[in-house]
Structures are given as C-alpha cells and as structure tokens.
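# Analysis of the macromolecular model
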Amino acid sequence: MITPHGGLLIQCMVEGDARQSLLAEAENLQKIVLNSREASDFEMIATGAMSPLNGFMCEEDYNSVVSGMRLASGVAWPLPIVLSLKGGAAPAEGERVALLSEEGSVYGVMTVSSVYKPDKQAELEQCYRGDSEHPAAAYLDSLGDTYIGGSIEAADLPSYEKHNDYRLTPLQTRAIFEEKGWNTIVAFQTRNPIHRAHEYLTKVALEQVDGLLVHPLVGDTKSDDIPSDVRMSCYKALLDKYYPLERTMLAVYPQAMRYGGPREAILHAICRQNYGCTHIIVGRDHAGVGNYYGTFDAQEIFSEFGAGEILIDTLLFEHAFFCKLTGGMASTKSSPAKAEDKIFLSGTKVREMLLNGERPPAEFTRPEVADILINSYASPQNT
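### Here we look at the overall build of the chain
Scanning the chain for helices and strands turns up 12 helices and 13 strands. Relative to a compact globule of 383 residues, whose C-alpha radius of gyration would be 21 Å, the chain shows 21 Å and is just as compact. Within the span of the chain, comprising 383 residues, buried residues form 56% of the whole. Residue pairs at least 24 apart in sequence account for 74% of intrachain contacts in the chain once pairs closer than 6 positions are excluded.

Here you go:
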C-alpha cells in the first residue's frame with residue numbers, strides 16, 4: 001500500500017473516555033465557530049486525509065505554503081488550510097479553544113500555537129492567480145483578519161444528511177483496497193456528472209491499474225454547479241451499467257472546492273495518496289474556473305516537485321472529444337479527425353443545455369444520466 005504523504009497517516013480522533021473528557025473540557029473553553037469550508041477541512045485533518053497536517057496551519061507554515069508550496073518542514077503542500085477568528089478576543093498562544101459547528105455542536109478542541117494576520121492579497125494572487133472576480137476573493141473577504149493555527153483533537157466529525165454510506169475515511173478506503181486485492185488504484189476527482197469524455201478517461205486509466213475510485217467532491221461548490229445529490233444519482237446509474245463493478249468503487253470526498261487550478265490539483269493528488277490511491281487522473285483545466293489558468297497548467301505544475309516529494313502518479317490526458325469520424329470517444333493522440341469531426345464536451349456546456357431545457361445528446365452523456373439531469377432541472381427547487 002502506498003505510503004501516506006509525509007510518511008504517516010495522522011489520526012486526530014479521540015474515542016471512549018478521552019472523548020468524553022474532551023467534550024467536558026470544551027464546555028468551559030472559548031468557542032470558535034467553523035464555517036462550512038473549515039468544517040470540511042476539520043474532517044479531512046481529523047481522519048488523516050490531509051496528512052501530515054495535524055491541525056490548522058500556523059503562521060510559519062502558512063507563509064511557506066503561500067510563497068513556496070511547501071510546509072515549513074519542507075514537505076510539499078500547495079494551499080493554505082486555515083481557521084479564521086470570527087470575532088471576539090483572539091486566544092493566546094498555548095490556550096485551548098473549542099471548535100464548534102455553525103449550529104453549536106462541538107467538533108473538538110484545538111491547542112493554539114499561532115495567532116497571526118494573513119496577507120490575503122498575497123494568498124489570492126500567489127495561490128489562486130486571482131483577482132477580485134475569482135471565487136477565492138469572495139471567500140477570503142468573508143473571513144476575519146486573524147487566523148488561528150494549532151493541532152486539533154476531534155471528538156466528532158461534521159454530520160450530514162446526504163451520502164453517509166459513501167463517507168469513507170482513508171483508513172476505510174485503504175482497508176477496502178486491501179480486501180479487494182487492489183495494489184494500484186486510480187482516483188477520479190470530479191465536481192460534475194461524468195459525461196462521455198470523463199468516462200473515456202476513466203476507462204483508459206482503468207486499463208492500467210487494478211481499480212478505479214470515483215471520488216466526487218461533495219463539499220462547498222459554486223452555486224451554479226450541479227448539486228451533489230443529483231451528481232451522486234448520476235454516478236450510481238453510470239457505474240451500475242457501464243463499468244465493471246468488481247473493479248470500480250464510489251466514495252465521496254468531503255473537501256470544499258477552492259477553484260485553485262494547478263495548486264488545487266496538487267492538493268487533490270496528495271489527499272488521494274492519503275486515501276491509498278497510487279494514481280490520479282489529471283485532465284484539462286483541473287480545478288479551474290474562468291480563464292485564470294492555462295488548459296494544462298494543472299498537469300505541468302507537478303514537474304515543480306522533485307522525485308519522492310509526491311508519491312502518487314499522475315495520469316495526464318489531453319482534451320477528449322466525440323469523434324464523428326470513428327464513432328466513439330478519442331483524443332488527438334488516437335484520432336486523425338479534423339475540427340469539423342470533433343464534438344467537445346464539458347460540464348459547463350451540459351449545464352448550459354439543461355438550463356435551456358435541452359436534452360444532452362448521446363455524444364455528451366449516457367441516456368440514464370441525461371434523464372436524471374433533466375428531471376433535476378425540471379424540479380421546482382432547481383428552477
């Protein structure tokens with residue numbers, strides 16, 4: 001089984017009497033409320049998905065990541081994982097604070113090691129290549145001007161109404177891979193329904209490995225992205241009919257979407273390594289938004305890391321298309337088709353068609369998926 005990023009799978013969960021003691025302690029501590037993204041990050045840290053992190057970043061790690069994509073220790077890490085103070089007095093270094101959900105339930109306790117003022121403009125520009133229109137700008141503006149770093153002890157993970165049967169921790173996915181006898185596993189990161197181009201990429205990848213983990217992101221996304229429950233219905237319908245079930249697996253990835261392009265591709269890869277995956281698919285404009293990143297920047301950024309810094313292998317793909325010449329999916333590497341014989345697919349184009357009441361054609365998506373999407377967009381909550 002592949003080694004976790006940084007060497008060890010960090011576990012921050014406490015159980016039994018220790019959990020009860022932690023909850024009792026939390027009642028008398030200063031309370032810090034986590035927003036939705038911070039709660040997702042808390043879950044990822046607590047379960048080991050963000051190993052080697054054992055808490056929210058201190059100032060030294062934050063500055064090192066923003067400027068150089070590495071923790072202060074030198075371990076590769078592309079994006080800040082931070083907790084902001086929402087108001088009230090800042091805790092002192094060494095103080096312990098309770099971490100709460102927006103509804104007031106206790107997640108756990110953090111031992112504060114750093115209280116600092118972030119350079120949000122540098123974070124926006126260096127991490128996201130962003131300006132005031134980038135989604136990261138609005139999120140950063142929503143945070144307080146003080147970040148708090150420190151190690152966490154988790155009593156409970158965030159609770160959800162959806163996808164609970166598919167919320168597997170890295171320990172669980174690794175155990176399942178071992179039980180299945182999979183030595184090589186490719187992860188497919190997605191925030192969209194799987195259209196025909198995605199299906200093509202995953203099946204080409206599946207030819208090279210023992211198993212495929214379809215690992216859709218179900219944390220916060222942009223308001224115009226297709227809701228996770230609709231996407232999950234699409235994944236299940238597609239996998240049940242068009243994939244070998246003994247070589248595929250579906251689980252959800254609880255992280256929030258940052259639209260960080262190349263740097264977020266690194267984050268997605270590192271975290272999938274922690275889940276036990278040996279490979280990850282990186283296609284065109286991975287984790288992109290608007291025109292902030294070049295088409296293949298998310299592939300090229302991996303070359304900025306030395307041998308052994310990131311153990312998971314990348315499977316890099318060009319823009320796939322439906323080839324009218326051959327009657328199937330292809331890329332420029334496998335088809336001689338000219339421009340007029342290529343039908344390019346994208347999640348954005350599918351959403352546009354659905355908003356216009358159009359049915360995505362068979363060249364875009366399987367009919368079972370098209371039915372789910374059409375019904376979703378026709379329902380009152382999506383109009």
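What follows picks up the thread again.
### Observations regarding the sheet that holds strand S1 (residues 30–33)
Read from one edge of the open sheet, 5 strands run S1-S3-S4-S5-S2, paired in mixed fashion. One side of each edge strand has no neighbouring strand; the edge strands of this open sheet are S1 and strand S2 (55–56). With 5 bridges joining them, strand S3 (residues 96–100) and strand S4 (residues 106–116) adopt antiparallel strand pairing. Residue pairing in the sheet places Ala98 in a bridge with Val109 of S4.

### Looking at the nonpolar core
Core analysis: the biggest nonpolar cluster contains 75 residues, and Phe42, Phe56, Met57, Trp77, Leu99, Met110 and Ile152 have the highest contact counts within it. Broken down by element, the residue count for this core peaks at 6 residues, all from helix H9 (residues 261–274). Excluding anything up to four places from it in sequence, Met57 contacts Tyr62, Val65, Leu71, Trp77, Leu79, Pro80, Ile81, Val82, Tyr116, Ile148 and Gly149. In this structure, Ala205, Leu206, Leu238 and Val252 belong to the second largest nonpolar core, which totals 35 residues.

### Some details on the pairing of strand S5 (residues 147–154)
Remark: a regular strand shows side chains that alternate across the two faces of the sheet. The element S5 is extensively covered by neighbouring structure, given that 6 of its 8 residues are classed as buried. Of the pairings in the sheet, the one linking S2 to S5 comprises 2 bridges and is antiparallel in character. Bridge pairing in S5 places Gly55 opposite Ser151. As defined by bridge partners, S4 adjoins S5 across 8 bridges and the pair is classed as antiparallel. If you follow Thr111 over to S5, its bridge partner there is Ser151.

### Points about the sheet that holds strand S12 (residues 328–330)
Reading across the sheet, the 3 strands line up as S12-S11-S13 and stay open at both edges, with antiparallel pairing between neighbours. Strands at the two margins of the open sheet, each flanked by one partner only, are S12 and strand S13 (342–344). On average, each strand axis in the sheet is tilted by 40 degrees relative to the strand beside it, whichever way the strands run. Pairing of strand S11 (residues 321–323) with S13, which is carried by 3 bridges, proceeds in the antiparallel orientation. Its bridge partner being in S13, Phe321 is matched across the sheet by Phe344.

### A short note on the side chain of Asp297
In this fold, Asp297 is placed in helix H10 (residues 297–300). Judged by its relative accessible area of 19%, Asp297 falls in the buried class. Within the structure, the side chain of Asp297 is placed 2.7 Å from the side chain of Arg129, a separation counted as a polar contact. Engagement of the side chain of Asp297 in a polar contact is seen with the backbone nitrogen of Gly294, the distance being 2.8 Å. Contacts of Asp297, omitting those with residues within four sequence positions, involve Arg129 and Pro262.

### Topic: helix H4 (residues 120–128)
Taken together, the buried positions of H4 are occupied by Lys120, Ala122, Glu123, Leu124, Cys127 and Tyr128. As for H4, its buried residues are in contact with helix H2 (36–47), helix H3 (59–68), helix H5 (135–142), S5 and H9. Among the residues trailing H4, Arg129 stands out with phi positive, at a value near 50 degrees.

Basis of the calculations
Residues numbered from 1 in each chain as written. Predicted model: local features only at pLDDT ≥ 70, side-chain atom pairs only at ≥ 80, totals over all residues. Heavy atoms only, no water. Helix = DSSP H or I, 4+ residues; strand = E, 2+ residues; numbered from the N terminus. Rg over C-alpha atoms; globule rule 2.2 N^0.38 Å. Buried < 20%, exposed > 50% of the residue type's maximum accessible area, 1.4 Å probe, protein only. Contact = heavy atoms within 4.5 Å. Pairing = 2+ DSSP bridges. Core = buried A, V, L, I, M, F, W, Y, C linked by side-chain atoms within 4.5 Å. Axes fitted to C-alpha atoms, helices over the stretch in contact; angles between N-to-C directions. Polar contact = N/O pair within 3.5 Å; in protein donor to acceptor, adjacent residues only side chain to side chain.

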